[in-house]
Amino acid sequence: MENLRGSLLMVASMLAFALEDTAMKGLSVDLPVGELLLLLGGLGGGAFAVATWISGRRLTERALFTFPVMLRSFSELATAMLYLAALASIPLAQASAIQQATPLAVTMGAALFLREQVGWRRWLSIGVGFIGVLIALRPGTDFSPMALCAVFSVFWLAVRDVVTRKVPASVSSLQLATLGFLAVVPAGALVLLIEGRALVPPTPAQWGLICGAVLCGVVGYYMLIASVRIGEMSVITPFRYTRLIFALILGWLAFGEAPDAATLIGGAVIVGSGLYVLWRQARRMATVRR
């Protein structure tokens, strides 16, 4: 039952993130990307800061100023800036398909920097997965340079996940979530400066979408943490790929973006490679336990 609950929470979390992406993409048509990052980071960070304060923790604790925590926050800054820039310029399904390569990048990072043992089969699967990313990028006449922002966001997501394993145990999940959202605020200021655009006052309808996106982001983040704590990682993690399914459906319903062959094939290669890597890892862990 714990694995079932954890799996359902993971699926619900991925739906929340897909809804957040859809809202932010829709808002980016009329509002500057930098402004959206400022609002998302400020409102989301404020919500988690209140939750942190209620839990009895503070954002001035010495452990929060260690290198792993600061690097993790910078990774959140870079990820948000790059992914939203991509989201505003390329189809939702394409951006989501590319981001599904994150578990592969995390496995590679853990092997290179944390000295975790990764066999040749998993290395081969990682290589195949990145070929899937190249397919999803649509090299040739349909290639969009902004799609590279989604690729670079995968790199910083992997850095975030790898460095999280080095964060002091005394740092709570709520503290990390608060710092992660607040790090998006300077990212928004930087993007706004690069865009050279003035702030645009959102309409009441846009405020509704902004609040909905923040709510989805906060709730999705909380459910993600809860799912990992409840169930076994080898059972729960594969359900992260449901985000691509939700992105395909929402992109079609909200923006009329019918996924093309490159997105579908590339996404399938990435997801298949990721599932194989997870299966090999689970099998290795089972062997070690015996």
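**Quick word on the confidence of the model for the protein**
Move 1: Looking at the protein as a whole, its pLDDT mean stands at 89, while 96% of the residues score no less than 70.
Move 2: Mean pLDDT per element in the protein: helix α11 (residues 233-236) is the minimum at 69, and helix α2 (residues 33-54) is the maximum at 94.

**Looking at the nonpolar core**
Move 1: Membership of the largest hydrophobic core comes to 56 residues, with the highest contact counts inside it found for Met24, Leu37, Leu84 and Ile98.
Move 2: No other element matches helix α3 (residues 67-87), which puts nine residues into this core.
Move 3: With sequence-adjacent residues up to four places away left out, isoleucine 98 is seen in contact with Val133, Ala136, Leu137, Ala147, Ala150, Val151, Val154 and Ile270.
Move 4: Ala63, Val171, Leu176 and Leu179 belong to the second-largest nonpolar core, a separate cluster that totals seven residues.

**Details of the layout of surface pockets**
Move 1: Quantified by volume, the second largest pocket comes out at close to 380 Å³.
Move 2: Lining the second largest pocket we find 22 residues, and of these Gly109, Phe113, Phe155, Ala158 and Val159 sit closest to its centre.
Move 3: Of all elements in the fold, only α3, α5 (102-113), α6 (120-136) and α7 (147-164) reach the threshold of two or more residues within the lining of the second largest pocket.
Move 4: With eight residues, α7 is the largest single contributor of residues to the lining of the second largest pocket.
Move 5: Here the lining of the second largest pocket is built from residues that sort into 20 nonpolar, one polar and one charged.

**What about α3?**
Note on helix geometry: an α-helix contains 3.6 residues per turn, so any two residues three or four positions apart are oriented the same way.
Move 1: In a regular helix each residue adds 1.5 Å, so 21 residues correspond to 30 Å; α3 covers 30 Å between its end C-alpha atoms and thus fits that length.
Move 2: Along α3, 17 of the 21 residues are buried, which leaves the element largely enclosed by surrounding structure.

**Section: a nonpolar patch on the surface**
Move 1: Where nonpolar side chains cluster on the molecular surface, the patch consists of Ile245, Ile249, Trp252 and Leu253 and spans about 440 Å² of accessible area.
Move 2: Among the secondary structure elements, isoleucine 245 is positioned in helix α12 (residues 242-255).

**Quick look at the state of the cysteines**
Move 1: One pass over the full model with this rule turns up zero disulfides.
Move 2: Of all cysteine sulfurs, the one in cysteine 211 lies closest to cysteine 216, which takes part in no disulfide; the gap is 11 Å.

**Quick look at the packing of α2 against helix α9 (residues 184-195)**
Working note: a packed helix pair is described by the angle between its axes plus the distance between those axes.
Move 1: The geometry of α2 relative to α9 is characterised by a closest axis approach of 7 Å and an angle of 170° between their N-to-C directions. Between α2 and α9, the angle is such that the two are roughly antiparallel. Two secondary-structure elements touch here, α2 through Val33, Gly34, Glu35, Leu37, Leu38, Gly41 and Gly42 and α9 through Val184, Val185, Ala187, Gly188, Ala189, Val191, Leu192 and Glu195.
Move 2: Looking at the contact of α2 with α9 residue by residue, the classes come out as nine nonpolar, four polar and two charged.

Basis of the calculations
- Residues numbered from 1 in each chain as written.
- Predicted model: local features only at pLDDT ≥ 70, side-chain atom pairs only at ≥ 80, totals over all residues.
- Heavy atoms only, no water.
- pLDDT = per-residue confidence, 0-100.
- Helix = DSSP H or I, 4+ residues; strand = E, 2+ residues; numbered from the N terminus.
- Core = buried A, V, L, I, M, F, W, Y, C linked by side-chain atoms within 4.5 Å.
- Buried < 20%, exposed > 50% of the residue type's maximum accessible area, 1.4 Å probe, protein only.
- Contact = heavy atoms within 4.5 Å.
- 1 Å grid on protein atoms, 1.4 Å probe; cavity = no way out; pocket = protein on both sides within 12 Å on 5 of 7 lines; lining within 4 Å.
- Points joined across faces, edges and corners; volume = space filled by probe spheres on them.
- Nonpolar A, V, L, I, M, F, W, Y, C, P; charged D, E, K, R; others polar.
- Expected span 1.5 Å × (residues − 1).
- Patch = residues over 30% accessible without salt bridge, like charges linked within 9 Å, V, L, I, M, F, W, Y side chains within 5 Å.
- Areas by Shrake-Rupley, 256 points an atom, 1.4 Å probe, with all protein chains shown as cover.
- Salt bridge = Lys/Arg side-chain N within 4 Å of Asp/Glu carboxyl O.
- Disulfide = S-S within 2.5 Å.
- Axes fitted to C-alpha atoms, helices over the stretch in contact; angles between N-to-C directions.
- Parallel < 35°, antiparallel > 145°, perpendicular 65-115°, else oblique.

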